[in-house]
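# What the coordinates show
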Amino acid sequence: MGHLNNGSDESAQGSDVGQVLRNGREILLQGFNWESHKHDWWRNLEKKVPDIAKSGFTSVWLPPSSQSFSPEGYLPQNLYSLNSSYGSEHQLKILLQKLNEHKVRAMADIVINHRVGTTQGHGGMYNRYDGVPLPWNEHAVTSCTGGLRKISGHVPEGNQSSGANFHGVPNIDHSQNFVRNDLIGWLKWLHNFGFQDFRFDFARGYSAKYVKEYIEGARPIFSVGEYWDPCNYNNNGLDYNQDSHRQQIINWIDGTGQLSAAFDFTSKGILQEAVKGQFWRLRDRQGKPPGVMGWWPSRSVTFVDNHDTGSTQAHWPFPKNHLMEGYAYILTHPGIPTVFYDHFYDSGNSIHDEIVKLIVIRKEQGIHSRSSIKILEAKPNLYSAIIGDKVCMKIGDGSWCPGGREWTLTASGHRYAIWKK
């Protein structure tokens, strides 16, 4: 067994972070895709805020809002400039104000593993940040990605990365006190601007202990990290046992002092194979859900696709003809579910309305991140479970319904059905 951490939220007590995580009733919307920068995005989203709020979302994850070397925002340069390819700082402020008026939180995409330099420095690399706020020099860059290297016999000048490298650009050396102080100042500024939640991009790139420090310093209401490593595969496809994969994510969450949740890439990888007629994958050897959801549901942020796995990048896409099975699973199960913009707004009114109906059921029946779950069936063509004693669901083309007159069918669609008491 792995590190279960059932109910161990004491370290987060007394803070806004702890309150949201203990409550466990978050429902997130990823409010963009890989092409959003082409479509006057802040204005586009502003028009959708009333629908987002009415649909039941508590937080909207927005794309990186700082000026960036790439239009998508993931190669930041001037962190303090909020004029980006998604729109102007003024348009962003209007969007955040409208979200706040509708009681929906805005989640900032925090890209601080790497930063594109403005001028050439040591070794002829663009590893200096002259002429912009946070005018760092090579000391802010890891020695393995263009910073000052340690020289034998001299005072150490640069440190290796505390995680995986993001290749092709200078990676930030978070071990430097001045770097962390500057980043905490920027995160506080973002929070004051109107971003209440944080999503930490490429969280494998630097130690989780720094994420803990940043959360403690800036005090977002809710945080989630992108700790994405490949699942375990063999010659025949995805391994049944993904315990080592989910343990890595759980170790990262632990490293943040349990202050951050993490995207449940384990559940995503298993679910998108299960819907192809391998629903036996959705029950682990202990009879629990096989992802992070099964071990630490209050920190598991579940999702079907995002801007990397789906959209036009499609690095690891969920089968499109099984989308509603995916949402029927994550929106009825423990964990913190996330809906992808493309599925909610670009897949037709039917899917939009079906997802809204599942959100309504989740809220009305009181399902939350720690709800109990009893898996009843996990066969090749059928999965069924009871969640929180109030909701029963099935996905797959196998014929099944719960026994007992207390159950009433409340939602159904292509290869899924939901009952409530």
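The following paragraphs examine the structure supplied in this document.

About the thresholds
Residues numbered from 1 in each chain as written. Predicted model: local features only at pLDDT ≥ 70, side-chain atom pairs only at ≥ 80, totals over all residues. Heavy atoms only, no water. 1 Å grid on protein atoms, 1.4 Å probe; cavity = no way out; pocket = protein on both sides within 12 Å on 5 of 7 lines; lining within 4 Å. Points joined across faces, edges and corners; volume = space filled by probe spheres on them. Helix = DSSP H or I, 4+ residues; strand = E, 2+ residues; numbered from the N terminus. Expected span 1.5 Å × (residues − 1). Bend = angle between axes of the 7 residues up to and from the residue. Buried < 20%, exposed > 50% of the residue type's maximum accessible area, 1.4 Å probe, protein only. Contact = heavy atoms within 4.5 Å. Axes fitted to C-alpha atoms, helices over the stretch in contact; angles between N-to-C directions. Parallel < 35°, antiparallel > 145°, perpendicular 65-115°, else oblique. Left-handed = near helix turned anticlockwise from the far one by under 90°. Nonpolar A, V, L, I, M, F, W, Y, C, P; charged D, E, K, R; others polar. Salt bridge = Lys/Arg side-chain N within 4 Å of Asp/Glu carboxyl O.

### Regarding empty space enclosed by the protein
Counted under the stated rule, the structure contains one cavity of 30 Å³ or more. One number sums up the size of the largest cavity: a volume of about 80 Å³. In this structure, the largest cavity is lined by P64, S65, S66, G73, P76, L79, A108, D109, V111, W186 and L190. Put simply, the parts of the chain that give the lining of the largest cavity at least two residues each are β3 (105-110) and α4 (177-193).

### Concerning helix α2 (residues 41-55)
Compared with the 21 Å implied by 1.5 Å per residue over 15 residues, the 20 Å span of α2 between its first and last C-alpha is a close match. At K48, α2 shows its largest bend, some 50°, and a proline, P50, comes one to four positions later. Where α2 is concerned, the buried positions are W41, W42, N44, L45, V49, I52 and S55. In this fold, the buried residues of α2 make contact with β1 (28-30), β2 (59-61), α3 (89-101), α10 (341-345) and α11 (349-364). Positioned one or two residues after α2, G56 has a phi angle of 105°, which is positive.

### Looking at the packing of helix α9 (residues 323-330) against α11
Running from N to C, α9 and α11 cross one another at 15°; their axes reach a closest spacing of 10 Å. Between α9 and α11, the angle falls in the class roughly parallel. Crossing angle aside, the handedness with which α9 passes α11 is right-handed. The residues of α11 that touch α9, namely those facing L323, M324, Y327, A328 and I330, are I351, E354, I355, L358 and R362. When its residues are assigned to classes, the contact of α9 with α11 shows eight nonpolar, no polar and two charged.

### Details of the pattern of salt bridges
Overall, the coordinates contain 20 salt bridges when judged by the stated rule. Of the charged contacts, one joins K98 and E46 as a salt bridge, the two residues approaching to 3.8 Å between their closest N and O atoms. In this pair, K98 is assigned in helix α3 and E46 in helix α2, connecting sequence segments 52 residues apart. Linked through salt bridges whose partners overlap, the residues forming this network are D109, R199, D201 and E226.

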